[in-house]
Amino acid sequence: MSNIYMPYLATIEDMFEEAPGVKTLNLVFKDPKVRESFEFKTGQFGLYSVFGYGESTFCIASPETRKGYIQCTFRRVGRVTTALSELSVGDTIGFRGPYGNWFPVEEWKGKNILFIAGGIGLPPVRSVIWTCLDRREDYGDVTMVYGARTVDDLVYKEELRHWEDRDDLTLIKTVDPGGEKEGWDGEVGFVPTVLEEAGPGAENTVCVICGPPVMIKFSLSVLERLGFRDDDVYTTLENKMKCGVGKCGRCNVGDVYICKEGPVYTAAQIKKMYNDF
Amino acid sequence: MEKSLLKKEALQKLIDGVREKGGRFVAPSILARQVVYREVDCADQMVHDYIVPRNSIKEFLFPQTEPILRFRLMREGVEVEDVRVEPERTVFFGVRPCDAASCGAVRKVFTWDYIDQFYTRREDSSVMMTIACTSSDDECFCTTVGVSPEGKEGADLLLKETVDGDYLVEAVTDRGRAFVEEFKDVFTEPDGAELKAVATPEPIEGVNIDNIIGFLKDRSHYNSEIWAELARKCVGCGACTFTCPTCRCFDMVDEGTYIEGERRKNWDSCQFDSFTLHASGHNPRDTQFKRWRNRFMCKFNFYPVKFSARGCVGCGRCIRVCPVRLDITEVMIEVSEAARDV
Ligand SMILES: Cc1cc2nc3c(=O)[nH]c(=O)nc-3n(C[C@H](O)[C@H](O)[C@H](O)COP(=O)(O)OP(=O)(O)OC[C@H]3O[C@@H](n4cnc5c(N)ncnc54)[C@H](O)[C@@H]3O)c2cc1C
Ligand code: SF4
Ligand code: SF4
Ligand code: SF4
Ligand code: FES
């Protein structure tokens, strides 16, 4: 395409309310050729646009193993996300991407994977989870720790039930103290605390962690105590983005342009960056 | 013919020739009592006695605002129309060597992997007629950053003024040679007239660019207290970045009515608080000194180290326009000194 800012058009085929203010969209590209040829890697993101309102950056929340559609899950926070959440099934939006790097799931073959997510940090992790579950035989033990502020704030509630029912993975779900309600059968406690209690082994294990900065910060020290090396802990960095292609100049952390060189980094790589967070 | 002469009297013919072929002719000219690069159709509108025009040439290659697509919202859906720039040839006459040298930097960013054709197509259809400087002011510091006042970088043709007010023209690129060939009735044989002396600003004492780059590359200096100190005066107006020829940051916004509109690229600046403000309210560069530090890092680290390009060409514009006179060269001296001390 000669105009790098030109989005594909996509139809909202389905729409789910995940949690208060959080929605998931199923998107299908209008152009059959794009629908056929579109590929991405887990961890990549796109710019989704509501014409007349602008563009917003979300990860592709569906796995790279499922073709023909993509999904995004977003929280309503501002102009574009509000406009997007007011659309209906059948409406058209724009999509540019896929952009950025990805989780090196190929390199993880034969390893155990520990997933840690907090709140709206689950969408990028969910893409990796399903990518790995769809190739289940390639990986060892799969463990997930997922937490949200309250029971209502948990996203992908149905999938959580499905994952709980599977016997080829361990799911530990938790809500912040005070966020539990009648019938809650998960843990009560902050993600780092619950993680420490669960104490998953670090041997031959990679970790994928996404969520609010405080959760990441405290979880990282827990992971260190559990014996995880910074090279084996992966996360994504989120900065404000506009172009997504390394031009507009705002997503940089020091000399690193997150949109082009990220958003996926190991904890070791992040420690080497300029303190520009 | 590598060298030719452009008589002052022949300028109108050149302007007419370029315009007749559908091109635009941009030259230093007076607008609102200031010398600016702008489109001219008449040689009388041009000025020849100027130092550095107020604006840089970037606004002709990377406009302050430009549509990148158009959309129409209908009951049946959305219709999106691509915008393809088909730029007319732009002849830049009287470009200062610092400005010509800046294009390489902007191009590096706009062609880094993804190619922004809004920029490249405009630059590719331009002819850069650089004129060596015969005067400079206190803000000029090209030589400090390795740019020469008679430098050829970015030029298609390098012009030097003769004492008679004509120009000795040297073709630098094939595009420049072809241009002279195309207008061979305008360019004549050199007449051996004496050239005016080139004005070469003294390199600023105490500045060592390698030391600055070295200091910035060392991540431990990012948290140094010198930044808050050095950038204390800055009010975050962004004027420095808008006038800077190598600044190329932009915003993308949708504008229009409920039924139709366009998506635009608008100039933006890392000096603004909203530039990096997340929707969550978090802002990685939440204070002005952090934004100023980013600008300095951009000029003397990201551009040279990451993009192998010039971040600063020493044009001095940011010093001239700064309302609080935060002089980048003073910071360069301070940082060079700090680098020596470690
Ligand atoms: C790589 C990447 C992946 C991401 N993935 C996801 C994802 O999967 N799901 C998801 O929900 N989000 C994700 N985000 C975050 C998401 O991009 C932003 O939340 C969203 O773009 C902002 O929404 P908006 O366009 O509606 O805000 P806008 O209204 O367009 O925001 C414009 C600016 O206004 C200000 N603003 C607007 N609202 C607020 C507010 N409530 N508080 C403070 N300032 C505000 C901010 O400066 C904001 O940047 C991701 C971001 C990145 C960089
Ligand atoms: S930083 Fe200042 S002196 Fe350097 S190129 Fe930009 S405007 Fe000119
Ligand atoms: S100094 Fe700021 S506005 Fe200028 S190019 Fe660098 S990041 Fe962009
Ligand atoms: S022109 Fe001066 S005051 Fe304005 S942002 Fe630049 S340094 Fe700060
Ligand atoms: S989002 Fe524009 S440079 Fe990264």
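Conventions adopted
Residues numbered from 1 in each chain as written. Chains lettered and ligands numbered in written order. Predicted model: local features only at pLDDT ≥ 70, side-chain atom pairs only at ≥ 80, totals over all residues. Heavy atoms only, no water. Contact = heavy atoms within 4.5 Å. Buried area = accessible area lost by both parts, 1.4 Å probe. Polar contact = N/O pair within 3.5 Å; in protein donor to acceptor, adjacent residues only side chain to side chain. Helix = DSSP H or I, 4+ residues; strand = E, 2+ residues; numbered from the N terminus. Nonpolar A, V, L, I, M, F, W, Y, C, P; charged D, E, K, R; others polar. Near = heavy atom within 4 Å. Phe/Tyr/Trp six-rings, centres within 6.5 Å; stacked < 30°, edge-to-face > 60°. Buried < 20%, exposed > 50% of the residue type's maximum accessible area, 1.4 Å probe, protein only. Lys NZ or Arg CZ within 6 Å of the ring centre and 35° of its normal. Domains from an automatic or database assignment. Salt bridge = Lys/Arg side-chain N within 4 Å of Asp/Glu carboxyl O. Core = buried A, V, L, I, M, F, W, Y, C linked by side-chain atoms within 4.5 Å. Axes fitted to C-alpha atoms, helices over the stretch in contact; angles between N-to-C directions. Left-handed = near helix turned anticlockwise from the far one by under 90°.

Draft legend 1. Main features of the interface of chain B and chain A. Facing 52 residues of chain B, the contacting portion of chain A comprises 44 residues. Across the interface of chain B and chain A, roughly 4000 Å² is buried in total on both sides, 54% from carbon and sulfur atoms. Taken together, the links from chain B to chain A amount to 34 residue pairs in polar contact (both at pLDDT 80 or more). Of all the secondary structure elements, the ones that give two or more residues to the side of chain B that touches chain A are strand 4 (65-74), strand 5 (77-82), helix 3 (97-110), helix 4 (117-124), helix 6 (209-217), strand 11 (250-256), strand 12 (260-267) and helix 9 (288-306) of chain B. Take the side of chain B that touches chain A: its biggest share by element is 6 residues, from helix 9 of chain B. Of the residues belonging to the side of chain B that touches chain A, the class tally is 26 nonpolar, 10 polar and 16 charged.

Draft legend 2. A look at the site of ligand 3. The full set of residues close to ligand 3 is T241, C247, R248, C249, C270, N294, R295, C298 and K299 of chain B. The leading source of residues in the shell around ligand 3 is helix 9 of chain B, at 4 residues.

Draft legend 3. Up close: the packing of aromatic side chains. Per the counting criterion, the structure on display carries 37 aromatic pairs over all chains. With centroids separated by 5.5 Å and ring planes inclined at 85 degrees, the aromatic side chains of F93 of chain B and Y167 of chain B adopt a geometry described as edge-to-face. Of this pair, F93 of chain B sits in strand 6 (residues 90-95) while Y167 of chain B is found in strand 9 (residues 167-171), placing the two residues 74 residues apart along the sequence. Given a relative accessible area of 2%, Y167 of chain B falls into the buried group. Three or more aromatic residues joined by ring pairs form one cluster here, namely Y5 of chain A together with F62, F110, F118, Y119, F242, F250, W267 and F272 of chain B. The ring of W102 of chain A has K41 of chain A lying over it, and the distance from NZ or CZ to the ring centre is 5.7 Å. We note K265 of chain B situated over the ring of F250 of chain B; from NZ or CZ to the ring centre the distance is 5.0 Å.

Draft legend 4. Molecular detail of the site of ligand 4. Around ligand 4, the structure places C234, V235, G236, C237, G238, A239, C240, Q271, W292, C322, P323 and V324 of chain B. The residue inventory of the shell around ligand 4, partitioned by class, reads 9 nonpolar, 3 polar and no charged.

Draft legend 5. Inspection of the domain arrangement of chain A at higher detail. Residue and element names in this part refer to chain A. What the domain assignment lists for chain A is domain 1 (8-99) and domain 2 (105-236). Computed from C-alpha coordinates alone, the two centres of domain 1 and domain 2 are separated by 24 Å. At the interface, 20 residues of domain 1 touch 17 residues of domain 2. Here domain 1 and domain 2 share an interface that buries about 1400 Å² over both sides, 53% of which is from carbon and sulfur atoms. Considering only the surface of domain 1 that becomes buried against domain 2, E18, T42 and T65 emerge as the three largest contributors, covering 30% of it. On the surface where domain 1 and domain 2 come into contact, there are 2 salt bridges. One salt bridge in this structure joins E64 and R135, with 3.2 Å as the shortest N-O distance. Those elements giving two or more residues to the side of domain 1 that touches domain 2 turn out to be strand 1 (8-19), strand 2 (22-29) and strand 5 (70-75).

Draft legend 6. A look at the nonpolar core. Core analysis: the largest hydrophobic core is formed by 82 residues, its most contacted members being Y5 of chain A together with F296, F300, I328 and M332 of chain B. Here this core takes 8 residues from helix 3 of chain B, the largest share from any one element. Setting aside residues no more than four positions away along its own chain, Y5 of chain A makes contact with R96, C243, V245 and K247 of chain A together with I68, L69, D116, F118, F250, M252 and K265 of chain B. With 36 residues, the next largest nonpolar core counts I129, L133, L154 and L160 of chain A among its residues.

Draft legend 7. Local environment of the pattern of salt bridges. A full pass over the atoms with the stated rule returns 55 salt bridges over all chains. Put simply, D231 of chain A and R229 of chain A hold a salt bridge, and the shortest N to O gap is 3.8 Å. On the basis of relative accessibility, which here comes to 40%, the residue D231 of chain A falls in the partly exposed class. Accessibility expressed as a relative area gives 49% for R229 of chain A, which makes it partly exposed. Where R177 of chain B meets D174 of chain B, a salt bridge forms, and the shortest distance between an N and an O atom there is 2.9 Å. Of the two residues, R177 of chain B and D174 of chain B are both situated in helix 5 (residues 174-182); the distance of 3 residues between them amounts to about one turn of the helix. The network of salt bridges with shared partners includes E55 and R96 of chain A together with D254 and R263 of chain B.

Draft legend 8. Fine view of the packing of helix 3 of chain B against helix 4 of chain B. Residues and elements named next belong to chain B. Two elements in contact, helix 3 and helix 4, have axes whose closest approach is 9 Å; the angle formed by their N-to-C orientations is 145 degrees. Once helix 3 is placed against helix 4, the crossing between them reads as left-handed. Of the residues in helix 4, those touching helix 3 at C103, V106, R107 and F110 are Y119, T120, E123 and D124. Within the contact of helix 3 with helix 4, the residues separate by chemical class into 4 nonpolar, 1 polar and 3 charged.

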